[in-house]
Amino acid sequence: MEQPKDMAALKLQIANRAVRLPAQCERIARIVFQRPEIVAFGTARSIAQTFTVSPSTIMRLIRALGFARFRDFRALFQDHLRSASAAGQRMEASTLDRVRAVP
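Keep in mind that what you see is a predicted model, and the values were worked out from it rather than measured. (Residues numbered from 1 in each chain as written. Predicted model: local features only at pLDDT ≥ 70, side-chain atom pairs only at ≥ 80, totals over all residues. Heavy atoms only, no water.)

Here the protein averages 85 in pLDDT, while 82% of its residues score no lower than 70. Ranking the elements of the protein by mean pLDDT puts helix 6 (residues 70-101) last with 72 and helix 4 (residues 44-51) first with 96. The model gives residues 89-93 a pLDDT under 50, and that stretch makes zero contacts with residues more than four places away or in other chains. (pLDDT = per-residue confidence, 0-100. Helix = DSSP H or I, 4+ residues; strand = E, 2+ residues; numbered from the N terminus. Contact = heavy atoms within 4.5 Å.)

Bringing helix 2 (residues 23-34) into the picture now. Side chains three or four residues apart in an α-helix point the same way, a direct result of the helix having 3.6 residues per turn. Given a rise of 1.5 Å per residue, 12 residues ought to cover 16 Å, and the 17 Å separating the end C-alpha atoms of helix 2 matches this to within 8%. Every buried residue of helix 2 is accounted for by Cys25, Ile28, Ala29, Val32 and Phe33. In a view along the axis of helix 2, the buried residues occupy a sector of 130°, so they form one face of it. Every exposed residue of helix 2 that faces more than 90 degrees away from the buried side is listed here: Ala23, Arg30 and Gln34. (Expected span 1.5 Å × (residues − 1). Buried < 20%, exposed > 50% of the residue type's maximum accessible area, 1.4 Å probe, protein only. Arc of directions from axis to C-beta.)

When two helices pack together, their arrangement is captured by the angle between the axes and the distance separating the axes. Between helix 4 and helix 5 (residues 55-64), the least distance of the axes is 8 Å, while the angle of their chain directions is 105°. With respect to helix 5, the element helix 4 is oriented roughly perpendicular. Contact with helix 4, carried on its side by Ala44, Arg45, Ile47 and Ala48, involves Pro55, Ile58 and Met59 of helix 5 and no other residues of that element. Of the residues contributing to the contact of helix 4 with helix 5, the split by class is six nonpolar, no polar and one charged. (Axes fitted to C-alpha atoms, helices over the stretch in contact; angles between N-to-C directions. Parallel < 35°, antiparallel > 145°, perpendicular 65-115°, else oblique. Nonpolar A, V, L, I, M, F, W, Y, C, P; charged D, E, K, R; others polar.)

So, about the pattern of salt bridges. Evaluation of the coordinates by the stated rule reveals four salt bridges. Across the salt bridge formed by Glu26 and Arg30, the nearest N and O atoms sit 2.6 Å from each other. Of this pair, Glu26 and Arg30 both sit in helix 2, four residues apart, which is roughly one turn of the helix. Residue Glu26 is classed as partly exposed on the basis of its relative accessible area of 29%. For Arg30, a relative accessible area of 53% corresponds to the exposed category. For the salt bridge of Glu37 with Arg35, the shortest nitrogen-to-oxygen distance reads 3.0 Å. On the basis of relative accessible area, Glu37 is assigned to the partly exposed category, the value being 30%. Owing to a relative accessible area of 43%, Arg35 belongs among the partly exposed residues under this scheme. (Salt bridge = Lys/Arg side-chain N within 4 Å of Asp/Glu carboxyl O.)

Counting 27 residues, the largest nonpolar core has Leu10, Ile58, Leu65, Phe70, Phe73 and Phe77 as its most contacted members. Of all the secondary structure elements, the ones that give two or more residues to this core are helix 1 (7-15), helix 2, helix 3 (37-40), helix 4, helix 5 and helix 6. With residues up to four places along the chain from it excluded, the contact list for Ile58 reads Ile28, Ala44, Ile47, Ala48, Val53 and Phe70. (Core = buried A, V, L, I, M, F, W, Y, C linked by side-chain atoms within 4.5 Å.)

Now the structure itself:
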């Protein structure tokens, strides 16, 4: 399985059932998609502690999702947060410009 290039590709891969996850891994995946900062700022050990599982369970999850290394998995989540932050800043700037344009 090819490593997803971004969060959209990863979600699509899961939605298309290209990945079959055990129940425990699926539960973890659902939560980290809702709270990407858990992965972006965590380690395999800290994520495992958050979910009360072993670090090897986290490694099985990332391998099932197409990643060879934890740092590649974390980088995808970091990039996602950076993109979301940049989009939010652009939206704030646009709103501020519109407010300034109102007489």
